[in-house]
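# Understanding the architecture of this molecule
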Amino acid sequence: GQQLNQSPQSMFIQEGEDVSMNCTSSSIFNTWLWYKQEPGEGPVLLIALYKAGELTSNGRLTAQFGITRKDSFLNISASIPSDVGIYFCAGQGASYGKLTFGQGTILTVHP
Amino acid sequence: GAGVSQSPSNKVTEKGKDVELRCDPISGHTALYWYRQSLGQGLEFLIYFQGNSAPDKSGLPSDRFSAERTGGSVSTLTIQRTQQEDSAVYLCASSLGVGLDKQGFFGPGTRLTVL
């Protein structure tokens, strides 16, 4: 089945630094989604990408849908302490109701 | 409330017992999803319902797992004869259309521990 490899597994950064994380897939996706999850809560959708090459921003977050449709990255600029959490990529293939998730990137921001 | 709610928030059970997990989706959302999240892992798709269509059960790991959605609203995920490897957080989500990018939201999850 489809698998997503997300890296890095964890990041420890200083407030104000920029962050980058990415996902690669063994197969093509039609949609890439990026989520953030905080303790005790479900994931919250940050950005959705629908076209190969698409670059989309949401505040300090920027994400891109790779040209090959097998990868995506998420950048967070000028990190702040409330950015702490686990970030997940997810790919949607032919079945709109089914997402394949990456393993997550744990982000820690030191003030 | 305005969001997806799940109950119970925590469930501890003994190996071999059956458990039922409940999900109340956002009113008006036609699609409902169940995912499982093991410790330190990403989410694993289990099943989704869309309107009156037959559910996509392709993610259910074994025949011990089943789910129902009554009246197009509330859903129940049932795990029979629980095993220790079933321990995980079970997350429900709902969306306005098919696809979690269609105003989809997750609930807070039910943490299941099988002793």
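Note: the structure precedes this text.
As a starting point, this report considers the structure included with it.

Rules used in this analysis
- Residues numbered from 1 in each chain as written.
- Chains lettered and ligands numbered in written order.
- Predicted model: local features only at pLDDT ≥ 70, side-chain atom pairs only at ≥ 80, totals over all residues.
- Heavy atoms only, no water.
- Disulfide = S-S within 2.5 Å.
- Helix = DSSP H or I, 4+ residues; strand = E, 2+ residues; numbered from the N terminus.
- Buried < 20%, exposed > 50% of the residue type's maximum accessible area, 1.4 Å probe, protein only.
- Contact = heavy atoms within 4.5 Å.
- Buried area = accessible area lost by both parts, 1.4 Å probe.
- Salt bridge = Lys/Arg side-chain N within 4 Å of Asp/Glu carboxyl O.
- Polar contact = N/O pair within 3.5 Å; in protein donor to acceptor, adjacent residues only side chain to side chain.
- Phe/Tyr/Trp six-rings, centres within 6.5 Å; stacked < 30°, edge-to-face > 60°.
- Pairing = 2+ DSSP bridges.

Before going further, it helps to spend a moment on the state of the cysteines. The full count for this structure, using the stated rule, is 2 disulfides over all chains. Disulfide partner of C23 of chain A: C89 of chain A, at an S-S distance of 1.7 Å. Around the S-S axis, the bridge from C23 of chain A to C89 of chain A shows a dihedral of about -85° and counts as left-handed. Here C89 of chain A lies in strand 9 (residues 85–92) and C23 of chain A lies in strand 3 (residues 19–25), a separation of 66 residues in the sequence. Looking at C89 of chain A, the relative accessible area reads 0%, which means it is buried. Paired through a disulfide, C23 of chain B and C92 of chain B show a sulfur-sulfur distance of 1.9 Å. A torsion of -65° about the S-S bond marks the disulfide between C23 of chain B and C92 of chain B as left-handed. One end of the pair, C23 of chain B, is in strand 3 (residues 19–24); the other, C92 of chain B, is in strand 8 (residues 88–95), with 69 residues separating them in the sequence.

So, about the interface of chain B and chain A. The interface is formed by 19 residues belonging to chain B together with 20 residues belonging to chain A. Roughly 1,400 Å² is buried in total at the junction of chain B and chain A, and carbon and sulfur atoms are behind 55% of that figure. It is L43, D101 and F106 of chain B in chain B that bury the most area against chain A; as a group they hold 35% of the surface buried on that side. For K98 of chain A, the salt bridge identified is with D56 of chain B, shortest N-O distance 4.0 Å. Applying the counting criterion to the chain B and chain A interface returns 5 residue pairs in polar contact (both at pLDDT 80 or more).

Moving on to the packing of aromatic side chains. Enumeration over the complete set of coordinates arrives at 9 aromatic pairs over all chains. Where Y35 of chain A meets F101 of chain A, the ring centres are 5.6 Å apart and the plane angle is 40°; that geometry is what we call tilted. In this pair, Y35 of chain A sits in strand 4 (residues 31–37) while F101 of chain A sits in strand 10 (residues 99–101), placing the two residues 66 residues apart along the sequence. The two residues Y35 of chain A and F101 of chain A agree in class, both being buried. Through pairs of rings, three or more aromatic residues link up here, namely Y35, F88 and F101 of chain A together with Y33, Y35, F45, Y48 and F106 of chain B.

Attention shifts here to the pairing of strand 8 of chain B. All names here are of chain B. Burial analysis of strand 8 places 8 of its 8 residues in the buried class, the great majority of the element. The alternating pattern of strand 8 places A88, Y90, C92 and S94 and V89, L91, A93 and S95 on opposite faces, both of which are buried. For strand 4 (residues 31–37) and strand 8, the ladder comprises 7 bridges, and the chain directions are antiparallel. Looking across to strand 8, one finds that W34 is bridged to C92. When strand 8 meets strand 10 (residues 110–114), the two strands line up antiparallel, connected through 3 bridges. Looking at strand 10, one finds that V89 is bridged to R111. Looking at chain direction, strand 8 and strand 9 (residues 105–106) are connected through 2 bridges and run antiparallel. If you follow A93 over to strand 9, its bridge partner there is F106.

Any link to function would need more than the numbers given here.
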